[in-house]
Amino acid sequence: MTSRHEQGNRLSHRLWRPPRAHGEQRSERRVGPLELFYDLVVVVLVAQAAHHLAEHLTWRGLGEFAAVFALVWIAWLNGTVHHELHGYDDARGRIMFLLQILVLVPLGAFIPEAGGARGAAFAVDAGVLFAVLAVLWLLAARGDSPEFRRPSRLFVTGTAVCAVVLAASAALPADTRVLTWGILAVAYLAGFAVMIGTATPVQATAFTVTDALTERFGLFIIIVLGETVTGVVDGLAHEPTNALTLAVGLIAVVVGFGAWWTYFDFAAHRSPRATRRSTAQWMLVHLPLTAAVAAMGAAMVPLVEHAHDSRTPVATAWVLCGGTATVLCATMLVAAGLRVWRQERALYRPLARTCVVVAVVCLALGAAHPAPLVLVTALVLLLGVPWGLAVMYHLSHDEESDAEKG
């Protein structure tokens, strides 16, 4: 009987372990299939927001997209960081992810009309999601050592306040409600940055960006980049197939590919410096970067649909070119917090200046809004400029290394 009782206790412990304590996250681990499944669910919500933006390329539509996307991304960041710090791949961890997914699914259904008829439902569901996240952080905080209690308390309180404000916003008029979401997202992110920036050296260990976290952010970007292909496919599906439409669509895919090589050649799979500022910068700049990629995907739909126009629709041109400019600048901001930024100054400093110049030219291109074929071709060439600079640097560096060896 004692042996069975001990076996039962061991099995129970393996299936339902308490949250991992702060500072005890594993520095070397791979992202698991459970995390990837969760990310795919979140990207379904991103796709819903992008599809709505594709049909409402106006300032109002862009504002709704920014507010909704920010809330979804903050929830994803919460779930991601919580699992990285405290989670295990056991029954408890799986149920915690499933609980979030069950709340995320109806939230995705409300997104297309979040700025209007179903805004109240979106607000209540988002409030429930943040309440679930607050409870998860509260349960993890119960085992905190004294030095981690204050930041844990602040994090739980901030997430709980978000839940209350979101639920309460259901009673507001539509325009005021969306504005409240935007202000709430900015306040939450500012508080998150302050919490990291004011952490003590011991507390800062809980915010160490591990290899798994770096991989997770990169994988999320890859999945969102799929929206650029989805946008082209949607555009082609609604238009007669001819040479010009197909050319615009395929070159638009290359623009999305250019966003991929910009981020993954210069910033992805590299660790930020072990400072509080670099950590906060690395995490938070991924928000506008990811939003820009999703917005580019949304702009692909009307771009292909207007392939035969003499000028690209103004809103489409601005969103696509502005998204490209944001990807370039945000990638350099992410890179500025990396260790490699200082190790390879001869590459990254001129590369950053080049990306800023190219981003300005992208904005000028958006203002000019030429024909869709000209627009996407120009964007491909512009995205190739930083990459060409990097290739020239590496070729020159390799030649110098060979000369020194010789």
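This text goes with the structure placed above it.
Predicted model, so just to flag it, every value in this text is computed and none were measured. (Residues numbered from 1 in each chain as written. Predicted model: local features only at pLDDT ≥ 70, side-chain atom pairs only at ≥ 80, totals over all residues. Heavy atoms only, no water.)

Thoughts on the overall build of the chain
Helices and strands together make up the secondary structure of the chain, namely 15 helices and zero strands. Overall size of the chain, expressed as C-alpha extent along the three principal axes, is 80 × 70 × 40 Å. Evaluated residue by residue, the chain yields a buried proportion of 51% over its 406 residues. The contacts in the chain between residues at least 6 apart in sequence include a share of 85% that link residues at least 24 apart. (Helix = DSSP H or I, 4+ residues; strand = E, 2+ residues; numbered from the N terminus. Buried < 20%, exposed > 50% of the residue type's maximum accessible area, 1.4 Å probe, protein only. Contact = heavy atoms within 4.5 Å.)

What to know about helix 3 (residues 59–86)
In this model helix 3 runs 40 Å from its N-terminal to its C-terminal C-alpha over 28 residues, within 8% of the 40 Å that 1.5 Å per residue would give. For helix 3, the tally of buried residues reaches 23 of 28 residues, placing the bulk of the element in the interior. (Expected span 1.5 Å × (residues − 1).)

Quick look at a positive patch on the surface
There is a patch of like positive charges on the surface, built from R342, R345, R349 and R353. Per element, the largest residue contribution to the positive patch is three residues, and it comes from helix 14 (residues 345–368). Note that R342 resides in helix 13 (residues 339–343). (Patch = residues over 30% accessible without salt bridge, like charges linked within 9 Å, V, L, I, M, F, W, Y side chains within 5 Å. Areas by Shrake-Rupley, 256 points an atom, 1.4 Å probe, with all protein chains shown as cover. Salt bridge = Lys/Arg side-chain N within 4 Å of Asp/Glu carboxyl O. Lys, Arg positive; Asp, Glu negative; His and termini not counted. Charge placed at Lys NZ, Arg CZ, Asp CG, Glu CD.)

Quick word on the packing of aromatic side chains
Going through the model one piece at a time under the given rule, you end up with 17 aromatic pairs. One aromatic cluster in this structure is built from F257, W260, W261, Y263, F264 and W387. (Phe/Tyr/Trp six-rings, centres within 6.5 Å; stacked < 30°, edge-to-face > 60°.)

With respect to the pattern of salt bridges
Per the stated rule, a full pass over the model turns up four salt bridges. Measuring nitrogen to oxygen at the nearest pair gives 2.8 Å for the salt bridge that ties D39 to R216. Of this pair, D39 sits in helix 2 (residues 33–55) while R216 sits in helix 9 (residues 211–237), and the two are 177 residues apart along the sequence. Accessibility assignment for this pair places D39 and R216 in one class, buried.

Everything listed here is a matter of geometry and, on its own, says nothing about what the molecule does.
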